[in-house]
Amino acid sequence: MSTPPGNPRLKAARIAAGYPAQQNLADALGVGVRQVRRWESATPPWPQAEQGQALVRLLGQDLEALGFTPPGAVPARRTVLAATATAAGLAAVPSQAVAVQPATAAADYEAVTRSHRRLYWSVAPAALHPAAVAHATLGCALLPETHGQTRARVAAALAETLLLAGRIEFFDMREPDRAAHTLLRALQAAGEADDALLGSAILAHTAFIPAWTGERDAAVERMTAARTYARRGPASPELLAWLDAVEAECETRCGHTRTALHLIGHAEDVFARGGEYEPPEWLDWFNPIRLAAFKGNVQLKAGHLPQARTTLLQVLEELDPSEEKQTTVILGDLAAVEAAAGEPEAACGYAVRALEVLERTWYATGMERVRDVRRALAPHQHERCVRELDDRLYGWATTVSALAR
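Every value quoted in this text rests on a predicted model; they were computed, and no experiment measured them.

Let us now look at the packing of helix α6 (residues 104-119) against helix α7 (residues 125-142). At their nearest, the axes of α6 and α7 sit 11 Å apart, and the two run at 160° to each other. As far as their axial angle goes, α7 and α6 are roughly antiparallel. Our pair here, α6 against α7, has a crossing hand that is left-handed. In this structure, α6 contributes Tyr-109, Val-112, Thr-113, His-116 and Leu-119 to the contact, and α7 contributes Leu-128, Ala-131, Ala-132, His-135, Ala-136, Leu-138, Gly-139 and Leu-142. Its residues assigned to classes, the contact of α6 with α7 comprises nine nonpolar, four polar and no charged.

Side chains that differ in sign of charge can pair as their charged atoms come close. Counted under the stated rule, the structure contains 24 salt bridges. Notably, a salt bridge pairs Glu-110 with Arg-153, separated by 2.7 Å at the nearest N-O pair. Of this pair, Glu-110 sits in helix α6 while Arg-153 sits in helix α8 (residues 148-172); the two residues are 43 residues apart in sequence, bridging distant segments of the chain. Owing to a relative accessible area of 30%, Arg-153 belongs among the partly exposed residues under this scheme. Close ionic contact of Asp-172 with Lys-325 constitutes a salt bridge, the shortest N to O distance being 3.1 Å. Of the two residues, Asp-172 is situated in helix α8 and Lys-325 in helix α16 (residues 324-340); the sequence distance between them amounts to 153 residues.

The description of an aromatic ring pair uses the distance of the two centres, along with the angle that the planes make with each other. This structure, assessed with the given rule, holds 12 aromatic pairs. Taking the centre distance of 6.3 Å and the plane angle of 85° together, the rings of Trp-39 and Phe-68 count as edge-to-face. With Trp-39 in helix α3 (residues 33-39) and Phe-68 in the loop between α4 (49-59) and α5 (81-88), this pair connects stretches of sequence that are 29 residues apart. Ring geometry for Phe-271 against Phe-286: centres 5.8 Å apart, planes inclined by 20°, an arrangement best described as stacked. Of this pair, Phe-271 sits in helix α13 (residues 257-273) while Phe-286 sits in the loop between α13 and α14 (288-301); the two residues are 15 residues apart in sequence, bridging distant segments of the chain. The exposure class of Phe-271 is buried, given its relative accessible area of 19%. A residue is classified by how much of its surface remains accessible, and Phe-286, at 5% relative accessible area, is buried. Joined through ring pairs, the aromatic side chains of Phe-170, Phe-171, Phe-208 and Trp-212 make up one cluster. When the ring centre of Tyr-120 is taken as origin, the NZ or CZ atom of Arg-167, which lies over that ring, is 5.2 Å away. Over the ring of Tyr-120 we find Lys-325; its NZ or CZ atom is 3.6 Å from the centre of that ring.

Next up on the list: α16. Because an α-helix completes one turn every 3.6 residues, residues spaced three or four positions apart along the sequence face the same direction. In this model, α16 (17 residues) spans 24 Å end to end at C-alpha, consistent with the 24 Å of a helix rising 1.5 Å per residue. Taking burial as the measure, the 17 residues of α16 include 15 buried ones, the bulk of the element. Gly-342 lies just past α16 and shows a positive phi near 75°.

The next subject is the environment of Leu-59. Its place among the elements puts Leu-59 in helix α4. With 45 residues separating them along the chain, Leu-59 and Arg-14 place their C-alpha atoms 6.6 Å apart. Setting aside residues up to four positions removed in sequence, Leu-59 forms contacts with Leu-10, Ala-13, Arg-14, Ala-17, Tyr-19, Leu-25, Leu-66 and Leu-184.

Cut-offs applied
Residues numbered from 1 in each chain as written. Predicted model: local features only at pLDDT ≥ 70, side-chain atom pairs only at ≥ 80, totals over all residues. Heavy atoms only, no water. Axes fitted to C-alpha atoms, helices over the stretch in contact; angles between N-to-C directions. Helix = DSSP H or I, 4+ residues; strand = E, 2+ residues; numbered from the N terminus. Parallel < 35°, antiparallel > 145°, perpendicular 65-115°, else oblique. Left-handed = near helix turned anticlockwise from the far one by under 90°. Contact = heavy atoms within 4.5 Å. Nonpolar A, V, L, I, M, F, W, Y, C, P; charged D, E, K, R; others polar. Salt bridge = Lys/Arg side-chain N within 4 Å of Asp/Glu carboxyl O. Buried < 20%, exposed > 50% of the residue type's maximum accessible area, 1.4 Å probe, protein only. Phe/Tyr/Trp six-rings, centres within 6.5 Å; stacked < 30°, edge-to-face > 60°. Lys NZ or Arg CZ within 6 Å of the ring centre and 35° of its normal. Expected span 1.5 Å × (residues − 1).

Below you can see the structure in the form of C-alpha cells.
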C-alpha cells in the first residue's frame, strides 16, 4: 500500500481527535477550510503563532509531530517518536539515528509485544500496564534506528503495544482521557507502519470513549473512519464483524438498541458468509462466541430478557474457562437479566459468582456490571440474598483488589 499523499500526520490526528472532516477542524480553529487543506497538503506551511497554539491544544501534540517543518529546517521523514514519548511521559530520545539496528531487532521487539498480548488475559492490569509503557519506550528508541521493512515491523509492533496500553487504560483502569491520548499515538505508529487494518482497530477503540458518555455523533464518525481504514486492507470476516459489534455497543450505550440489534445481525451474516482472508494475529479478543456476548448485552438493554438469558447462558457454556475477564462480564449481564426480571436471588447468585472471579482476575468492566446490578437491586436491599451480595461486594479481598488496581 503506498503512502497517502499530503500530510497524513495531521489528517490522522484530526480524525482521531474527533474532527472527521476538514471543515470540522476549521470551525474549531476559527479559520477557513482552505487553510486546513493547505496544512494537509504535501508541503504544509508553518502555522501562524496563534493558529499553531490552537492546533497543539486541540490535537494534543506538537507541530512537528503533526507534520509541519519549522521555517528554515530541512524536511525529514517524521516518526511517532516525540509524540509517543510526550503521551506516555517517556524520556525523549535523539531525533536522528545514532545506530542502525539489525533486521533481527524487529523479530525481537515483536516477540515481547506478542507476549504482552497473551499476558493481558491473566496478568493484573496494574502489573502489565507499566511493562507495556516501558516496551513502548523501547519501540520509540528503536524506530529511528531502523529502516525499510525492519522499521515497518517495529512501528506495527509499537502500534500494537500502544493499543494494548490504551485498552488497559480504558477497560481496566477506567481512565478514558489517558486512553484517548495513548490511542492517538497508537494510530500514528500504525501510520508509520502503513498498517490500515491495525489503524482500523485503533480507530474503533477510540469510538468507545465518546459512546460511554452518550456522544453518539462522535462515536459514529470514528466508526466511519475505522470502516474506511478496513476497506484499505485485506479485512477478514472477524475484523468486519467486530466493527459491527463495536458499533452495536456504541449504539446501545447511546440508547439506540434497534440499530444495535441490526448491526449484530449483520455481523452474524458476515461470519456465516466467511471470507478469503485470515484475521490478523493481534485480533485475539473476538470470535463468534464474543459476538454472542455482545448480542446478549444488546438484548438485555433492549428489554428482551428471555432472549438475553438464552444467549448469555449459551455464551457462558461455550466460553473458555481461561477467559476470566469475559466471564465476569457475562455473569454480570446474567445477573442484570435476573434483576430486571424481578428475580433478586438469581441475580445475586450470578453477581457473587462474578465477584469470585474478580478476586482472582481483576477487570474494571466486570466490576461495573456487578455494581450496576447492585443498584438495580435497591428495592430488594433488605432481602437476605442482597445482604449476602453486599458482604461479598465489600469483602476484604474484593475491596482491596478494587483499590489496588
